[in-house]
Amino acid sequence: MPEHGGNLRDASRLYGHADWLDLSAGLNPHWYPVPDLPGNAWHRLPERDEALVAAACRYYGAPRMLAVAGTQAAIQALPRLRAPSRIAVSAPSYAEHAHHWSRHGHTARLVPYPELGDAVEHSDVVVVCNPNNPTGATVPREDLLRWADTLAARSGWLVVDEAFADTDNTHSVADQAERHGLIVLRSLGKFFGLAGVRLGFVAAHAGLLAALDEELGPWQVSGPAQLIGKAALLDDAWHRHTRRALDEAGRRLDALLAAHGIASSGSSLFRWWPEAMPEAFHEHMARRGIWVRLFRDGPRGIRLGLPPDETAWTRLADALKQWKEIQ
């Protein structure tokens, strides 16, 4: 199973701190304020709420969507909907894509972002994180739509994971997901800071969504998750305020790293850089109760999420200063 951020039990087991500053997961540290829920939300089996899907289509600009128990559920199920195929997965990116596409008889290979256009010509399915996790790299919208049409002409798919697109939808293709061959994944966990709710959405044409729905089975999304998701997706004032706040915090984190000699890339929710000694940096931070995301393979590096408050910003700045001093 691929490694992930947010694994604070592992951190505590290894280093023993009680007061962790968790910067490992790239989530909004100021999560959406969950409303009070009626008791029957926990009591009844969760019926499909069309109002939730309508709210998602409005928020993401998609013509049609399916609610799923986090986009991880779709990432695991999509490979089961195709006969053995040639798969190209953008690299580096969220490791679960390559992990699951390498199963079920498929032949999966990792393709660097600059080579994805060429990979379209020799693949049945191309998977792209846009913007990318962890580097923040993006593929222009016009390229994605052209690739989708090329793949669809031979019954192929372009899967675009837009989990980190909420702060900047410039290159989103969710509005074009009625096209055959285009599948778009969106997540409530990152921008809304609600990873624990386990709610995501898939945009695609009706036939593919029906097949995915059948594969996933009934009661995919809990009643509480549906109510929380609907409230979050409809709160336009919170969206506007949060985008401004995240943009400002992302620039601040970029500047803080630069002040300590680290040139980073990423999005408003996280920064990433190739680190010459990533294990040593990770250990340095962990010894100070700061949990960061270590990338051991491929372009070895470090990813940092946003500190939640001024005390945390100071704590991170002090640790970065100490790291610079020992280099």
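Before reading further, recall that the structure is shown in the block above.
A few points on the structure. All of these numbers come straight from a predicted model, not from anything done at the bench. Within any chain, residue numbers begin from 1 and follow the written order of that chain's sequence. Where totals are concerned, whole chains, interfaces and linings use all residues; where local detail is concerned, this predicted model gives features only for residues with pLDDT of at least 70, and gives and counts side-chain atom pairs only at 80 or more. Hydrogens and water molecules were not included; the side-chain quantities draw on all heavy atoms of the structure.

In DSSP terms, a helix is any run of H or I states spanning at least four residues, a strand is any run of E spanning at least two, and both are numbered starting from the N terminus. Each helix and strand counted, the protein has twelve helices and 13 strands in total. All radius of gyration figures rest on C-alpha atoms, and the globule criterion is 2.2 Å times the number of residues raised to 0.38. Here the C-alpha radius of gyration of the protein, 20 Å, is about what a compact globule of 327 residues would show, namely 20 Å. Each principal axis of the C-alpha distribution contributes one length, and for the protein these read about 55 × 50 × 35 Å. Looking at the 327 residues of the protein, the share that counts as buried comes to 52%. Contact between two residues is taken to exist if any of their heavy atoms lie within 4.5 Å; hydrogens are not considered. Residue pairs in contact within the protein that sit at least 24 positions apart in sequence constitute 72% of those at least 6 positions apart. Only carbon and sulfur atoms are counted for the fraction: they give 52% of the accessible area of the protein, which is about 14,600 Å². When charges are tallied, Lys and Arg are placed among the positive residues and Asp and Glu among the negative ones, while His and the ends of the chain are skipped. All charge positions are set by atom: Lys at NZ, Arg at CZ, Asp at CG, Glu at CD. With 34 positive and 38 negative side-chain charges, the protein shows a spacing of 1 Å between the two charge centroids. When accessible area is computed with a 1.4 Å probe and restricted to protein chains, residues below 20% of their type maximum are described as buried, those above 50% as exposed, and intermediate ones as partly exposed. Here, Shrake-Rupley sampling with a 1.4 Å probe gives the accessible areas, and only protein chains in the shown set may cover a residue.

This paragraph deals with the nonpolar core. Met65, Leu158, Phe192, Phe201, Leu233 and Leu304 are the most contacted members of the largest nonpolar core, which has 74 residues in total. With seven residues, the top contributor of residues to this core is helix H3 (residues 50–60). When residues no more than four places from it in sequence are discounted, the contact partners of Leu233 are Leu52, Ala55, Ala56, Arg58, Tyr59, Tyr60, Leu188, Phe192, Phe201 and His239. With 22 residues, the next largest nonpolar core counts Val68, Trp101, Ile183 and Ala204 among its residues. What we call a nonpolar core is a set of buried Ala, Val, Leu, Ile, Met, Phe, Trp, Tyr and Cys residues that are connected through their side-chain atoms within 4.5 Å.

In this section: the pairing of strand S3 (residues 86–91). When you tally the buried positions in S3, you get five out of six residues, the bulk of the element. A crossover counts as right-handed when, viewed with the strands pointing away from the observer, the path leading from the first strand over the helix to the second turns clockwise. Handedness of the S3-helix H5 (residues 95–101)-strand S4 (residues 107–112) crossover: right-handed. In this sheet, strand S5 (residues 125–129) lies alongside S3 in parallel orientation, the contact comprising three bridges. By the bridge assignment, Ile87 is partnered in S5 with Val125. Paired strands, as defined in this entry, are two strands with at least two bridges between them according to DSSP.

A separate point is the side chain of Glu275. With respect to the element layout, Glu275 can be found in the loop between strand S10 (270–274) and helix H11 (278–286). Engagement of the side chain of Glu275 in a polar contact is seen with the side chain of Trp273, the distance being 2.9 Å. By the criterion applied in these results, polar contacts are pairs of N or O atoms within 3.5 Å in which, for protein atoms, one can donate a hydrogen and the other can accept it, and in which residues neighboring in sequence qualify only through two side-chain atoms.

Okay, the pattern of salt bridges next. In what follows, salt bridge is the name for a side-chain nitrogen of Lys or Arg lying within 4 Å of a carboxyl oxygen of Asp or Glu. One pass over the structure, following the stated rule, counts 18 salt bridges. For Glu215, the salt bridge is made with Arg80, and the minimal N-O distance between the two is 2.6 Å. You can see Glu215 sitting in helix H8 (residues 206–216) and its partner Arg80 sitting in the loop between helix H4 (71–77) and S3, a full 135 residues away along the chain. Judged by relative accessible area, Glu215 falls into the partly exposed class, the value being 33%. Using a relative accessible area of 38% as the deciding quantity, one classes Arg80 as partly exposed. For Arg179, the salt bridge identified is with Asp149, shortest N-O distance 2.9 Å.

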